[in-house]
Amino acid sequence: MAEQHDSDKRDEQPFDEEAAWAAIVAGYGEEPADPPGAKPFKSIEDLALMEDDVNDVPGTAAPEPGTPDRPLGGSVVFAPGVGPGGPRDYQVSDAKDDDLDDTDEGHFVPPEPPPLPEADATAKFAWLGVIGGPVLMLLAVILRWDMTWWLTTLCIGGFLGGFATLVARMRSGDDEDGDDPGRGAVV
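Residues numbered from 1 in each chain as written. Predicted model: local features only at pLDDT ≥ 70, side-chain atom pairs only at ≥ 80, totals over all residues. Heavy atoms only, no water.

A closer look at the overall build of the protein chain
Definition in use: Helix and strand definitions here come from DSSP, where helices need a minimum of 4 consecutive H or I residues and strands a minimum of 2 consecutive E residues; each element is numbered from the N-terminal end. Partly exposed residues are those whose accessible area sits between 20% and 50% of the maximum for their type, while under 20% is buried and over 50% is exposed, using a 1.4 Å probe and protein chains only. Residues count as neighbours in contact if any of their non-hydrogen atoms are within 4.5 Å of one another. The method behind every accessible area is Shrake-Rupley, applied with a 1.4 Å probe, and residues are considered shielded solely by the protein chains displayed.
When its secondary structure is counted, the protein chain shows four helices and zero strands. Going residue by residue from the N terminus, the α and β elements of the protein chain occur as α-α-α-α. With 187 residues in all, the protein chain has 8% of them scored as buried. A separation threshold of at least 6 residues defines the contact pool for the protein chain, and within that pool the share at least 24 residues apart is 34%. Accessible surface, the protein chain: about 17900 Å² in total, of which carbon and sulfur atoms supply 60%.

Description of helix H3 (residues 121-142)
We apply this condition: Under the convention used throughout, the expected extent of a helix is 1.5 Å for every residue step, that is, one less than its residue count. The angle between axes fitted to the seven residues ending at a residue and the seven residues starting there is what we call the bend at that residue.
Taking 1.5 Å per residue as the helical rise, H3 with its 22 residues ought to reach 32 Å, and the 30 Å between its terminal C-alpha atoms agrees with that figure. At glycine 132, H3 is deflected by roughly 35 degrees, the largest bend along its length, and proline proline 134 occurs up to four residues later in sequence. Every buried residue belonging to H3 is among Ala123, Ala126, Gly129, Val130, Gly133 and Ala140, and all of these are buried. Count one or two residues on from H3 and you reach arginine 144, which has phi positive near 55 degrees.

Focus: unusual backbone geometry
For arginine 144, which is not glycine, the phi dihedral falls at a positive 55 degrees. Mapped onto the secondary structure, arginine 144 falls in the loop between H3 and helix H4 (149-168). Residue arginine 144 is classed as exposed on the basis of its relative accessible area, which comes to 74%.

Some points on the UniProt feature "transmembrane region" (unreviewed entry) in the protein chain
Under the convention used in this document: UniProt positions are given in the numbering used here, feature names are shortened, and annotations may be inferred rather than shown by experiment.
UniProt tags residues 125-143 and 149-168 as "transmembrane region" (unreviewed entry). With 95% helix and 0% strand, the stretch residues 125-143 has end C-alpha atoms that lie 25 Å from each other.

Details of H4
The terminal C-alpha atoms of H4 lie 27 Å apart, and with 20 residues this matches the ideal 28 Å at 1.5 Å per residue to within 8%. Where H4 is buried, its residues touch H3.

Quick word on the pattern of salt bridges
Note the threshold: Whenever a carboxyl oxygen of Asp or Glu lies within 4 Å of a side-chain nitrogen of Lys or Arg, that contact is scored as a salt bridge.
Here the structure, examined in full by the defined rule, presents one salt bridge. Note that aspartate 120 and arginine 169 form a salt bridge whose closest N and O atoms lie 2.7 Å from each other. Here the residue aspartate 120 occupies a position in the loop between helix H2 (17-26) and H3, and arginine 169 occupies one in the segment after H4, the gap between them amounting to 49 residues. On the accessibility criterion, aspartate 120 (33% relative accessible area) is partly exposed.

Describing the environment of glycine 129
Its place among the elements puts glycine 129 in helix H3. Between the alpha carbons of glycine 129 and glycine 161 there is a distance of 7.0 Å; along the sequence they are 32 residues apart.

Looking at the packing of H3 against H4
Applicable threshold: All axes here are fitted lines through C-alpha atoms, helices being fitted over the stretch that makes contact, and every angle between N-to-C directions spans 0 to 180 degrees. By definition, any crossing whose near helix is turned counterclockwise from its far helix by less than a right angle is left-handed, and any crossing with a clockwise turn is right-handed. Amino acids outside the nonpolar list (Ala, Val, Leu, Ile, Met, Phe, Trp, Tyr, Cys, Pro) and the charged list (Asp, Glu, Lys, Arg) are all regarded as polar, and Gly is one of them.
Interhelical geometry of H3 versus H4 gives an angle of 145 degrees and a closest axis separation of 7 Å. At the point where H3 passes H4, the crossing takes the left-handed sense. Note on element contacts: H4 touches H3 through Leu151, Leu154, Cys155, Ile156, Gly158, Phe159, Gly162, Phe163, Thr165 and Leu166, opposite Thr122, Ala126, Trp127, Gly129, Val130, Gly133, Pro134, Leu136, Met137 and Ala140. Its residues placed into classes, the contact of H3 with H4 shows 14 nonpolar, six polar and no charged.

Points about the confidence of the model for the protein chain
To keep things clear, this is the line we draw: pLDDT is a per-residue confidence score from the predictor, ranging from 0 to 100.
Here the protein chain shows a mean pLDDT of 75. Residues at 70 or above account for 55%. Low pLDDT, under 50, characterises residues 53-58; the predicted model gives this stretch 13 contacts beyond four residues in sequence or across chains.

Here is the structure:
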């Protein structure tokens, strides 16, 4: 026995595509009806009220007398002196000159930091190669210069040479000249 497939069943009833599109266009903008047994949407004002079998449909019936007219969350009571504002609403009063008296030491003024050490010429040229090489290549691409062999060598070689110089000049971890906080207590 041969079983009948779903495709065979579809062939029995022709599908009228034009009628389906006409029904869609005719029902455009209308809200479909709720399925049987479903409770209609309850408005936000009625959420705090007691549950009943059918929710109120907005605009169909007036609220019953005796129902509270407060919105949801209207029963929240704040402590005396505390408003509905939160901690981010706090404002600090402006400081005045007469707030300080003789016992106050004044404001902390940090000491002047020591000057940065002077870089030698090798480090300056290494940084020039690391930063200048890619910048020169980007400039050549933006301005549509011909990437000749000497321009490419200058860009890539300057970057690689400067990077290698900076890595080679880094301090090794074997130095005993400073206070290393990672070594632990020195006894």
